[in-house]
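Report on the structure
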Amino acid sequence: MLSGLFLIIYISFSFVMTYVNWERINTLQIFWIFKEAVLPDLNAYRQNPELLLEEDAPENIVLIVGESFSRSNSSLYGYEKNTNPMLHELEKNGELSVFKDVDSYTTTTIPSFKAMMMGYKNEYADSVEWYECLTLIEVMQKAGYTVHWLSNQSKHGICDNEIGLFADMCDEQAFVGDKIAGMKRTTYDGELLPLIDKSVSKARGKNFYVVHLMGSHSKFDARYPDSYSFFTAEDYEGSHPHLSSDKRQLLSTYDNSIRYNDRIVYDMINRFSGKDAVVIYLSDHGIDVFASDEDYIGHAIKNDPVSMHAARKIPFVIYTSGLCKEKYPQLQRRIENSLDNHIVTDKLMYTIMDIAGVLTVNSVSYRKESILE
Ligand SMILES: [Zn+2]
C-alpha cells in the first residue's frame, strides 16, 4: 500500500520535472496550476436548455474581447491622440456602430468575463455557485452555432484559470504560443490572425467565435512590435506637462498598444466583411494609467470617481457586414437606435443571444436584457 503511494508520488514528480518549463513559472503560478485541479469542469454543469429560435440569424457572430482598454484613451471617443484610426475609418464609412456610454461590469478580468459569458454576477455569490449558471457557449451551441475559442491569453495561470474553463466547452479552442506564459507573454495579438483564417477556412454552417486579445495588458510595450512605436514621450509634453518623462514614455507605450490593436481588430473585422457577419469588440475593463493620480497606474482606486471612470468606461463597437445589413435591416436599426443608451457589460450574453435569434430559453424571454432596443 505504502510502496504504491510512493510509486504514484515518484511518477507525478518525474512528470512535473520533465514537462514543466520552470523558467516560465513563478511561485504564484504553481499555486494556481494546482488550484486548477479543483476547478469545476463546466461541461459537467451543462443545462441542456430548450430554445425557441427565429427562423434566420447571422451566420457568423464574432466577439472580440480586448484587455485593459480605457475609453478615455480611444480616439473613437474623442481622445486627442489618434489611437483608433482604422476603426474610425470604418465608423466614417457607416460600417461601425460606436456605443457611447458603456461600463465594464467590474475592473478585473475574471469577474468581468463571468458576467459577460454567463448569467452570473458577483452579487449572486450567496445564492448560487458561479459554475452552475447557464453559459453563453452552451446557448449558442444549442442555437446551432459551432463555437470557437481563439486566444492570445494564457489558458492556465493566475489571471486565466477560470476563463480557460469556458474554452473547454467550445467545439474548437486554439491558443497562441505558451498556454502558461501569463503576464510574461510576449506573443502579439496579430498572431491570432492565422488562427482565425484556419478556423474560418474549415467552418461550415453557423459559427460563433470568441477571440480573446492580450490587448493593452501590462507590460504595455510587450504588446506590439517595434514597428508600431508610433507615439513617444515627447508627444505628451504638451498634453501631459505634469508627468515626468518616464511616465510620459509609459503612457506612450499604452497608447501604442491601443493603436496596434486598432489595426489588428480592423484586420479581424476584414476577415468577415464579405460574409453574413456581426462583429462585436469591447474591452473586459479599462485601466487607470495616471488618470486619477500622477503616481498611480493600476486597475482602479476604489471610491475614487476619476480612477473608476478610467477603469470602467470602455469602448464598445459593433460591425455589421453589408450582407448582414441587407438580410437583417431590423437588427441594424435596433443597433443604431441603441447607441446612446447607458450599458453595462453584464448584458452582453443576452445581447449576443438576441442577435443569434434566441427568442426564449426554457420558455423565458431574455429580450429585455439585451442592449438593443
Ligand atoms: Zn482584464
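Heads up: the structure comes first, above all this text.
The paragraphs below set out a description of the structure included in this document. (Residues numbered from 1 in each chain as written. Predicted model: local features only at pLDDT ≥ 70, side-chain atom pairs only at ≥ 80, totals over all residues. Heavy atoms only, no water.)

**Details of the pattern of salt bridges**
For side chains bearing opposite charge, pairing can occur when the charged atoms are close. Operational definition: Any Lys or Arg side-chain nitrogen located within 4 Å of an Asp or Glu carboxyl oxygen qualifies as a salt bridge. Going along the chain from the N terminus, every DSSP run of H or I of four or more residues is numbered as a helix, and every run of E of two or more is numbered as a strand. Using a 1.4 Å probe on the protein chains alone, a residue whose accessible area is under 20% of its type maximum counts as buried, one over 50% counts as exposed, and one in between counts as partly exposed.
Evaluation of the coordinates by the stated rule reveals 18 salt bridges. Among the salt bridges present, the one from Lys100 reaches Asp340, with a minimum N-O distance of 3.7 Å. Residue Lys100 is located in the loop between β3 (96–98) and β4 (101–103), and its partner Asp340 is located in the loop between α11 (329–336) and β13 (342–344); the two are separated by 240 residues in the primary sequence. The exposed category is assigned to Asp340, whose relative accessible area is 59%. Among the ionic pairs, Arg334 bridges to Asp354, the shortest N-O distance being 2.7 Å. Remark: Asp354 occurs in helix α12 (residues 348–355) and Arg334 occurs in helix α11; sequence separation between them is 20 residues.

**Examining the sheet that holds β3**
Test applied: In this description, strands pair whenever DSSP reports at least two bridges between them. For helices, the axis comes from a line fit to the C-alpha atoms of the stretch in contact; other axes are also lines fit to C-alpha atoms, and the angle between any two N-to-C directions lies between 0 and 180 degrees. Contact between two residues is taken to exist if any of their heavy atoms lie within 4.5 Å; hydrogens are not considered.
Reading across from one edge, β3-β12-β8-β2-β7-β5-β6 is the order of the seven strands in this open sheet, with mixed pairing throughout. Strands at the two margins of the open sheet, each flanked by one partner only, are β3 and β6 (172–175). In this sheet, adjacent strand axes meet at a mean angle of 15 degrees when their direction is disregarded. Across five bridges, the pairing between strand β8 (residues 277–283) and strand β12 (residues 316–320) is antiparallel. Pairing of Val278 across the sheet is with Thr320, part of β12. The sheet contacts of helix α7 (residues 192–202) involve β5 (145–151), β6 and β7 (206–212), and relative to β5 the element is tilted by about 160 degrees. The strands touched by α11 within the sheet are β3, β8 and β12, with β12 carrying the most contacts at an inclination of about 160 degrees.

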